[in-house]
Amino acid sequence: MLNKTAIVTGGSRGIGKAIALNLAESGCNIVINYNNSEIKANKLKEEIEALYKVKVLTVKCDVSKFEDVENLYKIVKKEFDSIDFLINNAGITKDNLILRMKESDFDQVININLKGTFNTSKIIGKHMLKQKFGKIVNISSIVGIMGNAGQSNYAASKAGVIGLTKSLAKEFATRGVNVNAVAPGFIQSAMTDKLSEDVIKKYEENIPLGNLGKPEDVAKVVNFLLSTNSDYITGQVINVDGGLLI
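Please read all numbers here as calculations on a predicted model, not as lab measurements.

The rules we used
- Residues numbered from 1 in each chain as written.
- Predicted model: local features only at pLDDT ≥ 70, side-chain atom pairs only at ≥ 80, totals over all residues.
- Heavy atoms only, no water.
- Helix = DSSP H or I, 4+ residues; strand = E, 2+ residues; numbered from the N terminus.
- Buried < 20%, exposed > 50% of the residue type's maximum accessible area, 1.4 Å probe, protein only.
- Contact = heavy atoms within 4.5 Å.
- Areas by Shrake-Rupley, 256 points an atom, 1.4 Å probe, with all protein chains shown as cover.
- Core = buried A, V, L, I, M, F, W, Y, C linked by side-chain atoms within 4.5 Å.
- Polar contact = N/O pair within 3.5 Å; in protein donor to acceptor, adjacent residues only side chain to side chain.
- Axes fitted to C-alpha atoms, helices over the stretch in contact; angles between N-to-C directions.
- Parallel < 35°, antiparallel > 145°, perpendicular 65-115°, else oblique.
- Left-handed = near helix turned anticlockwise from the far one by under 90°.
- Phe/Tyr/Trp six-rings, centres within 6.5 Å; stacked < 30°, edge-to-face > 60°.
- Expected span 1.5 Å × (residues − 1).
- Salt bridge = Lys/Arg side-chain N within 4 Å of Asp/Glu carboxyl O.

Enquirer: How do you make sense of the overall build of the protein chain when you look at a structure like this?
Expert: For the protein chain, the helix and strand inventory stands at nine helices and seven strands. Principal axes of the C-alpha set define a box for the protein chain whose edges measure 50 × 35 × 35 Å. Burial statistics for the protein chain: of 246 residues in total, 49% are counted as buried. Here the contacts in the protein chain between residues at least 6 apart in sequence split such that 75% fall between residues at least 24 apart. Counting every atom, the protein chain has about 12,600 Å² of accessible surface; 50% of that belongs to carbon and sulfur.

Enquirer: Before we go on, may I ask you to explain the nonpolar core in this structure?
Expert: Side chains that are nonpolar tend, in soluble globular proteins, to be buried together. Counting residues in each nonpolar core, the largest one holds 31 residues, and the members touching the most others are Ile19, Ile48, Ile87, Val182 and Val222. Secondary-structure elements contributing two or more residues to this core are strand E1 (5-8), helix H1 (14-25), strand E2 (29-34), helix H2 (38-51), strand E4 (85-88), strand E5 (134-139) and helix H9 (215-226). It is H1 that provides the largest number of residues to this core, a total of seven residues. Ignoring sequence-local partners within four residues, the contact set of Val222 consists of Ile19, Ile87, Val137, Ile139 and Val182. Core analysis: the second largest hydrophobic core is formed by 25 residues, Leu57, Leu86, Ala90 and Phe172 among them.

Enquirer: Explain the side chain of Thr9 to me, please; I cannot follow it from the model alone.
Expert: Along the chain, Thr9 turns up in the loop between E1 and H1. For Thr9, a relative accessible area of 2% corresponds to the buried category. Within the local environment of Thr9, its side chain forms a polar contact with the backbone nitrogen of Asn89, the two atoms lying 2.8 Å apart.

Enquirer: Looking at this structure, how should I read the packing of H1 against H9?
Expert: The relative placement of two packed helices is expressed as an angle between their axes plus a distance between the axes. Taken N-terminus to C-terminus, the directions of H1 and H9 make an angle of 50°; their axes are 8 Å apart at the nearest point. By the criterion of interaxial angle, the relationship of H1 to H9 is oblique. In terms of crossing hand, the pair formed by H1 and H9 is right-handed. Contacts between H1 and H9 involve Gly14, Ile15, Ala18, Ile19, Asn22 and Leu23 on the former and, on the latter, Pro215, Glu216, Val218, Ala219, Lys220, Val222, Asn223 and Leu226.

Enquirer: What am I meant to see in the packing of aromatic side chains here?
Expert: For the structure shown, the criterion picks out two aromatic pairs. Each ring, one from Phe186 and one from Tyr203, has its centre 4.2 Å from the other, and the planes form 20°; the classification is stacked. You can see Phe186 sitting in the loop between strand E6 (177-184) and helix H7 (190-193) and its partner Tyr203 sitting in helix H8 (residues 197-205), a full 17 residues away along the chain. The class for Phe186 is partly exposed, based on a relative accessible area of 27%. Given the relative accessible area of 27%, Tyr203 is considered partly exposed.

Enquirer: Can you help me understand the environment of Val143 in this one?
Expert: With respect to the element layout, Val143 can be found in helix H5 (residues 143-146). Residue Val143 is classed as buried on the basis of its relative accessible area of 9%. As for Val143 and Ala159, which are separated by 16 residues in sequence, their C-alpha atoms are 7.9 Å apart.

Enquirer: Teacher, can you tell me more about H1 here?
Expert: For an α-helix the count is 3.6 residues per turn, leaving residues at separations of three or four pointing the same way. Over its twelve residues, H1 runs 17 Å from end to end, which matches the ideal 16 Å to within 8%, given 1.5 Å per residue. Counting buried residues along H1, nine of its twelve residues qualify, which places the element largely inside the surrounding structure. Taken together, the buried positions of H1 are Ile15, Gly16, Ala18, Ile19, Ala20, Leu21, Asn22, Leu23 and Ala24. One or two positions beyond H1, positive phi appears at Gly27, with a value near 100°.

Enquirer: In this structure, what is going on with the pattern of salt bridges? I would like to understand it.
Expert: If charged atoms from side chains of opposite charge come close, those side chains can pair. Under the criterion given, the structure shown has three salt bridges. Its salt-bridge partner being Glu47, residue Lys17 comes within 4.0 Å of it at the nearest N-O pair. Placement of the pair is Lys17 in helix H1 and Glu47 in helix H2, with a sequence separation of 30 residues. Its relative accessible area of 30% is what places Lys17 among the partly exposed residues. For Lys135, the salt bridge goes to Asp231, with nearest N and O atoms at 2.7 Å. Linking Lys135 in strand E5 with Asp231 in the loop between H9 and strand E7 (237-240), this pair joins segments that are 96 residues apart in sequence.

Functional significance is not addressed by these values, which are geometric in nature.
What follows is the structure in structure tokens.
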């Protein structure tokens, strides 16, 4: 992966941050996309540059807006000769039971999680098709496979990401572009850090491996899907869930 360039949407924190660090360690130049976390993005840029001899670019972009993504592409294209990897990680939650869910909360989750993935895949994917090489990894969720009460908007968006992944894999394969998805389960995050020990214990009781995953667990699978080890893999969804969906 030396000297390859990877765009990580929502790359300033959580799983996105872990992916950016992992790929930088592998020699990738990193584009950290953020929308509201400029301070965290710049801090991560400094951290990566202090650890690894790679180029790091931070770009503010609301992936739900097509024109923002077009601007992101122009900025990255000006800085780097090629764009080799796209990791669609940007996502939000607006949880509630559907009878209490605001229409705006449904729309916002769909627009960022699903339409955002469409926008970046269309614009960056076009570049990859022209250069006849590229790998796209979309971050879905096991919720998109099994559903979850109180997360109908999130589940719909992540299920949509899986459908989009499989369709793009078929469209892009003949031009040397692989498209896969990773579906994380319960992963340690700022959200889970706020949960009580009893709640976390209940989660862990349903996981065969007996513990929550770490962002790094997801990052390692993403790294594999972007490496040459996965050249004959496309259109797949890999669950990183400790066996929850067995």
